[in-house]
Structures are given as C-alpha cells and as structure tokens.
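Structural characterization, general
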Amino acid sequence: MDLMINGQRRPLDTSRVPADMPLLWVLRDELGLTGTKFGCGVAACGACTVQVDGQAVRSCVTPVSSTQGKAVRTIEALGSDDKPHALQQAWIEHQVPQCGYCQSGMLMAAEALLRAKPNPSDADIDAAITNLCRCGTYPRVRAAIQSAAKALRGGKA
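Below you will find a few notes about this structure. As the structure is a computational prediction, the values presented were derived from the model and not from experiment.

Before going further, it helps to examine the overall build of the protein. When its secondary structure is counted, the protein shows five helices and five strands. Taken from N to C terminus, the helices and strands of the protein fall in the order β-β-α-β-β-β-α-α-α-α. For the protein, whose C-alpha radius of gyration is 15 Å, the value lies close to the compact-globule estimate of 15 Å for 157 residues. By its C-alpha atoms, the protein is 50 × 30 × 25 Å across when sized along the principal axes. Excluding contacts between residues fewer than 6 apart, the proportion of contacts in the protein whose partners are at least 24 apart in sequence is 58%. Taking the average place of the 17 positive charges on the side chains of the protein and the average place of its 14 negative ones, the gap between the two points comes to 5 Å.

Have a look at this one:
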C-alpha cells in the first residue's frame, strides 16, 4: 500500500500495517510524523485532526486504507520555522496555545476552513472548529483565525 503524505509517496509494509489500522498510528508509529496527537481515540477531541484531500478528518478513526489514492496532509507540512503559515504566526501573536497539546489538530482544522472560506464569520469558525481545548482558549483561536484570514487575503477585510 502506498500513501501520499505531505506531497511525498510513502510505501507501507502491509505485513505491519493492516488495512483497518487508524491513520493516526500509521503517521506516528510507522512514518515518524509525531506532530499529530492522540487525544481520545473516538473522534471527539480533534487532537488527531489531519487533512485528507483538503478536508479536516479525525485520524484516530480513519482507517489507513480509506486514504489510499488521496492526499494526506499533517501539521508537519503546514509551515516551517523560517516561513510559518499565516495561522501559525497568528497563533503566536494571539498567544493561543497554553499547554499546546490540541494545537496541531486545531491548526489543521483551521487551515481547511480558510481554504474553503477565506473570509469566515465567527459562526463559520465555531461550526468548523469542533476541536476541544482543555485550556479554553477559544476566543483567542477565533481571533487568530480572523487575523490569519485577513493576512491570507493580503490584509484586506
């Protein structure tokens, strides 16, 4: 089985990776992409959110076989130290993370939202960002998404 992860073709050893293995464990244990976090294991918290063909999905309940032939994107591909994504920059400016555990999943959900809706309303953000944050930084998350949206639009309202 081959997967397309962060723009790279990644072959998987099917003797080690059953078709029903959750994508989360393939990413973390087989491919060493540990930015995607395990939270609840039942798709409730969103810490494991990645994108499959541009859609935010909970990787803890997504069978790896369902991603074959699709583009999977993880937090590792969102930005870099020298060129952070506008969302990552906004996260820093708005001091969104406290403990930070849920942030990779939240960023991936936010990026999928901004690609679908470049000028989201607060209601759009609330509907799309269903990730749980024990630290309760939701007002800062919303502000950071709005700031990033504006930056991605070239600073235009």
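This next bit is on the sheet that holds strand E1 (residues 2–5). Pairing is mixed in the open sheet, where five strands are placed in the order E2-E1-E5-E3-E4. Where the open sheet ends on each side, the last strands, each with one partner, are strand E2 (8–11) and strand E4 (55–58). For this sheet, the mean inter-axis angle between neighbouring strands, taken without regard to orientation, is 40 degrees. Across two bridges, the pairing between strand E3 (residues 49–52) and strand E5 (residues 71–73) is antiparallel.

This part is about helix H1 (residues 23–30). Every buried residue belonging to H1 is among Leu23, Leu24, Val26 and Leu27, and all of these are buried. Looking at the buried residues of H1, the elements they touch are E1, E3 and E5. Just beyond H1, the residue with positive phi is glycine 32, at close to 70 degrees.

Turning our eyes to something else, we now look at the side chain of glutamate 111. Along the polypeptide, glutamate 111 turns up in helix H3 (residues 103–116). Glutamate 111 has contacts with Gln51, Arg73, Leu78, His85 and Leu87, leaving out every residue within four places of it along the chain.

Moving on: the pairing of E2. Both E1 and E2 contribute to a ladder of four bridges, which runs antiparallel. Across the sheet, residue aspartate 2 finds its bridge partner in E2, namely proline 11. Two successive antiparallel strands, E1 and E2, enclose a turn made up of two residues, where asparagine 6 displays a positive phi of approximately 50 degrees.

This structure, assessed with the given rule, holds one aromatic pair. Measuring from centroid to centroid gives 5.4 Å for tryptophan 25 and phenylalanine 38, while their planes differ by 35 degrees, and the two rings are tilted. Highlighted residues: tryptophan 25 in helix H1 and phenylalanine 38 in the loop between H1 and E3, separated in sequence by 13 residues. Tryptophan 25 gets classed as partly exposed once you look at its relative accessible area, which sits at 29%. Here phenylalanine 38 falls in the partly exposed class, since its relative accessible area comes to 33%.

The subject of this paragraph is the nonpolar core. Grouped burial of nonpolar side chains is what soluble globular proteins tend to show. In this structure, Leu87, Trp91, Met106, Ile129, Val141 and Ile145 are the most contacted members of the largest nonpolar core, which totals 22 residues. Those elements giving two or more residues to this core turn out to be helix H2 (86–93), H3 and helix H5 (138–152). The greatest single-element share of this core, amounting to seven residues, is contributed by H3. Among all residues touching isoleucine 129, those that are not within four sequence positions of it are Met106, Ala109, Ala110, Val141 and Ile145. Within the second largest apolar cluster, 14 residues are counted, among which are Val17, Met21, Leu33 and Val64.

Cut-offs applied
- Residues numbered from 1 in each chain as written.
- Predicted model: local features only at pLDDT ≥ 70, side-chain atom pairs only at ≥ 80, totals over all residues.
- Heavy atoms only, no water.
- Helix = DSSP H or I, 4+ residues; strand = E, 2+ residues; numbered from the N terminus.
- Rg over C-alpha atoms; globule rule 2.2 N^0.38 Å.
- Contact = heavy atoms within 4.5 Å.
- Lys, Arg positive; Asp, Glu negative; His and termini not counted.
- Charge placed at Lys NZ, Arg CZ, Asp CG, Glu CD.
- Pairing = 2+ DSSP bridges.
- Axes fitted to C-alpha atoms, helices over the stretch in contact; angles between N-to-C directions.
- Buried < 20%, exposed > 50% of the residue type's maximum accessible area, 1.4 Å probe, protein only.
- Phe/Tyr/Trp six-rings, centres within 6.5 Å; stacked < 30°, edge-to-face > 60°.
- Core = buried A, V, L, I, M, F, W, Y, C linked by side-chain atoms within 4.5 Å.

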